[in-house]
2 protein chains.
Amino acid sequence: MHHGKALTTLKETGYRLTPQRLMVLETIAGARGHVTAEEIGTQVRRTYPYIDIATIYRTLHLLKRLHLVTEIDPGGSSAQYELAGDGRHHHLICEGCGKTIDLPLAYLDNLHQSLRREFEFEADLDHFALRGRCSQCLAARTGTPRKDRNAWKRL
Amino acid sequence: MHHGKALTTLKETGYRLTPQRLMVLETIAGARGHVTAEEIGTQVRRTYPYIDIATIYRTLHLLKRLHLVTEIDPGGSSAQYELAGDGRHHHLICEGCGKTIDLPLAYLDNLHQSLRREFEFEADLDHFALRGRCSQCLAARTGTPRKDRNAWKRL
DNA sequence: GTCCTTGTTGCGACTCTTTGCAAATCATTC
DNA sequence: GAATGATTTGCAAAGAGTCGCAACAAGGAC
């Protein structure tokens, strides 16, 4: 997981490689896994205390638009960012227990192609999150005893 | 598009049908098409000035959880809500021009079933939004003249 | 009706994210 | 290297949505 490619892409597309952007990129690359904007801020401020959270968000948007980082919105807390590397995948997010299941990228290829074919629509299916219920949470809901009529509300 | 069913569902599931909830529901039902939380607030406050925006959000979450209303998150502005009626569909949202294309519900049936089969995951594909580029915006990007190196940035 | 439990509301404070703007920075052209 | 114009940043403020909590209903048991 390196960010060399990202630097090149930035320059090549005419955006400036500013110290701030470099630091944000390095932080994302340095972290294994996901980071939030605030975490990036804390890390970057260790060497450059003046960086503003707005700059970080703007940088993240830019990097996302260039498909250099991907964003995961867990819904309910801050968004997570990670370097768009090789191990890319979609997410199945269980609304019951919060667990996320990785879905191979290729899984949505069919959909992608039929949208292109039938609607001439180029969907951006880079890093997709599908919400629902995992098998365990589904099982927990079947056979709700008559006793506790409100059990289902809790999920 | 009536909300009678919604009232029954609320009562039947053990939730209380409060005046506030009723007013929110009536506003959504009364509006043709989508409404934002703030619009609901403005409308409801005409007859009951004390309703709080938090109550509206809480009611909307509840109704969404009961599949009585659907939420569309246009990303970049406030979420839109509408009564879950018969003409349900998914959305293709163009990030270039903002246009939305309606996608038949059945379109994601395959995906839905293979997720169930292969991952035992019951995806909530009630009202789905896919981001990407429509044909026009795609066309606008091809053949960018060398003249304006920054043209692509604007999309 | 009174008591009790549970659900719901309004308020205020808070979080996360975006936006407007003036100042600073950088690439280009002369 | 100074002038010019486009980008980018930091700051402050706003937007959108959420949360904790005390006060307020509403339904059931007695």
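Use the structure listed above.
Keep in mind that this is a model prediction, so the values were computed, not measured.

1. Quick word on the interface of chain A and chain B
Taken residue by residue, the interface counts 39 residues in chain A and 39 residues in chain B. In this assembly, chain A packs against chain B so that about 3,000 Å² is buried in total across both faces, 67% of it on carbon and sulfur atoms. Inspection of the chain A/chain B interface yields 0 salt bridges. Our count for the chain A to chain B interface comes out at 10 residue pairs in polar contact (both at pLDDT 80 or more). Counting only elements with at least two residues in the side of chain A that touches chain B, the list comes to β4 (89-94), β5 (100-104), α5 (109-119), β6 (122-123), β7 (129-133) and α6 (135-141) of chain A. Split by residue class, the side of chain A that touches chain B holds 23 nonpolar, 6 polar and 10 charged. Bridge count for β6 of chain A against strand β7 (residues 129-133) of chain B is 2 bridges, and the pairing is antiparallel. Among the inter-strand pairings, E122 of chain A is bridged to a residue of β7 of chain B, identified as R133 of chain B.

2. Some thoughts on the side chain of T36 of chain B
All names here are of chain B. If you trace the backbone, T36 turns up in strand β1 (residues 35-36). Here T36 falls in the buried class, since its relative accessible area comes to 9%. Apart from the residues lying within four places of it in its own chain, the contact partners of T36 are S78, A79 and Q80.

3. Points about the protein's contact with DNA strand D
Taken together, 20 residues form the shell around DNA strand D, and within it T18, Y48 and T55 of chain A together with Y57 and H61 of chain B come nearest. Restricting the count to atoms of DNA strand D within 4 Å of the protein gives a sugar and phosphate share of 67%. Here T18 of chain A contributes a side-chain N or O atom positioned 2.7 Å from a phosphate oxygen of DNA strand D. Between DNA strand D and R58 of chain A there is a distance of 2.9 Å, counted from a base nitrogen to a side-chain nitrogen or oxygen.

Thresholds, definitions, all that
Residues numbered from 1 in each chain as written. Chains lettered and ligands numbered in written order. Predicted model: local features only at pLDDT ≥ 70, side-chain atom pairs only at ≥ 80, totals over all residues. Heavy atoms only, no water. Contact = heavy atoms within 4.5 Å. Buried area = accessible area lost by both parts, 1.4 Å probe. Salt bridge = Lys/Arg side-chain N within 4 Å of Asp/Glu carboxyl O. Polar contact = N/O pair within 3.5 Å; in protein donor to acceptor, adjacent residues only side chain to side chain. Helix = DSSP H or I, 4+ residues; strand = E, 2+ residues; numbered from the N terminus. Nonpolar A, V, L, I, M, F, W, Y, C, P; charged D, E, K, R; others polar. Pairing = 2+ DSSP bridges. Buried < 20%, exposed > 50% of the residue type's maximum accessible area, 1.4 Å probe, protein only. Near = heavy atom within 4 Å.

Any link to function would need more than the numbers given here.
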